[in-house]
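Breakdown of the fold
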Amino acid sequence: MENLYNELERILCSEVDIHVAVVETAEALNKSLRENNIPEIIVFTQRHDEQICQIEKLEEQRIEYGILIAKKLGMKTKEPKLVNLIENAPSSFKHRLGDLHRKLTKAINDLSK
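Next up on the list: the overall build of the chain. Scanning the chain from terminus to terminus reveals four helices and zero strands. N-terminal to C-terminal, the α/β element order of the chain is α-α-α-α. Its C-alpha atoms give the chain a radius of gyration of 17 Å, more than 25% over the compact-globule value 13 Å for 113 residues. In the chain, 67% of the contacts between residues at least 6 apart in sequence involve partners at least 24 apart. Accessible surface, the chain: about 7400 Å² in total, of which carbon and sulfur atoms supply 52%. In the chain, the 17 positive side-chain charges and the 19 negative ones have mean positions that sit 6 Å from each other.

In this section: the packing of aromatic side chains. Between two aromatic rings, the relevant description is the distance of the centres plus the angle of the planes. Counted by the stated rule, this structure contains one aromatic pair. The ring of Phe93 is capped by Arg96, whose NZ or CZ atom sits 4.9 Å from the centre of that ring.

The subject of this paragraph is the nonpolar core. Tyr5, Leu8, Leu12, Ile69, Leu85 and Leu97 are the most contacted members of the largest nonpolar core, which totals 15 residues. Elements with a minimum of two residues in this core: helix 1 (2–35), helix 2 (38–73), helix 3 (82–87) and helix 4 (91–111). Sort the elements by how many residues they give to this core and helix 1 lands first, with five residues. Those residues in contact with Ile69, other than ones at most four positions away along the chain, are Met1, Leu4, Tyr5, Leu8 and Leu85. Core analysis: the second largest hydrophobic core is formed by five residues, Ile18, Val22, Ile55 and Leu58 among them.

Moving on, we get to the packing of helix 1 against helix 2. Running from N to C, helix 1 and helix 2 point in directions that differ by 160°, and their axes come no closer than 9 Å. In terms of orientation, helix 1 and helix 2 fall into the roughly antiparallel class. As helix 1 runs across helix 2, the sense of the crossing is left-handed. Taken together, the residues of the contact of helix 1 with helix 2 break down into 19 nonpolar, nine polar and eight charged.

This part covers helix 4. The end-to-end C-alpha separation of helix 4 is 31 Å, in line with the 30 Å expected for 21 residues at 1.5 Å each. Contacts made by the buried residues of helix 4 are with helix 1 and helix 3.

On to unusual backbone geometry, then. One non-glycine residue, Asn36, lies in positive phi territory at about 55°. Positionally, Asn36 belongs in the loop between helix 1 and helix 2. Given the relative accessible area of 58%, Asn36 is considered exposed.

It is worth spelling out a negative patch on the surface at this point. Judged by side-chain charge, Glu56, Glu59, Glu60 and Glu64 come together as a negatively charged surface patch. Glu64 sits in the partly exposed class, given a relative accessible area of 46%.

Scoring rules and cut-offs
- Residues numbered from 1 in each chain as written.
- Predicted model: local features only at pLDDT ≥ 70, side-chain atom pairs only at ≥ 80, totals over all residues.
- Heavy atoms only, no water.
- Helix = DSSP H or I, 4+ residues; strand = E, 2+ residues; numbered from the N terminus.
- Rg over C-alpha atoms; globule rule 2.2 N^0.38 Å.
- Contact = heavy atoms within 4.5 Å.
- Areas by Shrake-Rupley, 256 points an atom, 1.4 Å probe, with all protein chains shown as cover.
- Lys, Arg positive; Asp, Glu negative; His and termini not counted.
- Charge placed at Lys NZ, Arg CZ, Asp CG, Glu CD.
- Phe/Tyr/Trp six-rings, centres within 6.5 Å; stacked < 30°, edge-to-face > 60°.
- Lys NZ or Arg CZ within 6 Å of the ring centre and 35° of its normal.
- Core = buried A, V, L, I, M, F, W, Y, C linked by side-chain atoms within 4.5 Å.
- Buried < 20%, exposed > 50% of the residue type's maximum accessible area, 1.4 Å probe, protein only.
- Axes fitted to C-alpha atoms, helices over the stretch in contact; angles between N-to-C directions.
- Parallel < 35°, antiparallel > 145°, perpendicular 65-115°, else oblique.
- Left-handed = near helix turned anticlockwise from the far one by under 90°.
- Nonpolar A, V, L, I, M, F, W, Y, C, P; charged D, E, K, R; others polar.
- Expected span 1.5 Å × (residues − 1).
- Patch = residues over 30% accessible without salt bridge, like charges linked within 9 Å, V, L, I, M, F, W, Y side chains within 5 Å.
- Salt bridge = Lys/Arg side-chain N within 4 Å of Asp/Glu carboxyl O.

Geometry only, nothing functional implied.
What follows is the structure, given as structure tokens:
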């Protein structure tokens, strides 16, 4: 079970990092659009597309590991919520996973601004 939570933690760390990078890319892209800098627009659009693909892959991995953890915990849900996995995590993981969940939520909220 610890290996599953370690992998979930790794995935969440990667998700936080990539979401923060997407926010930075979006800001740079907006600046390039305002300045009508076509070469930069192309670069930042490509970077943004690559980052979105990375997010999709990480989300799939997070869901996959979430399902595996939920099964091990005997949870009867098809696709468990991250908050439920954190609540049921071993005490050594609860704080770190909760912190990563908050960071991820903040990064997603920052992206929607």
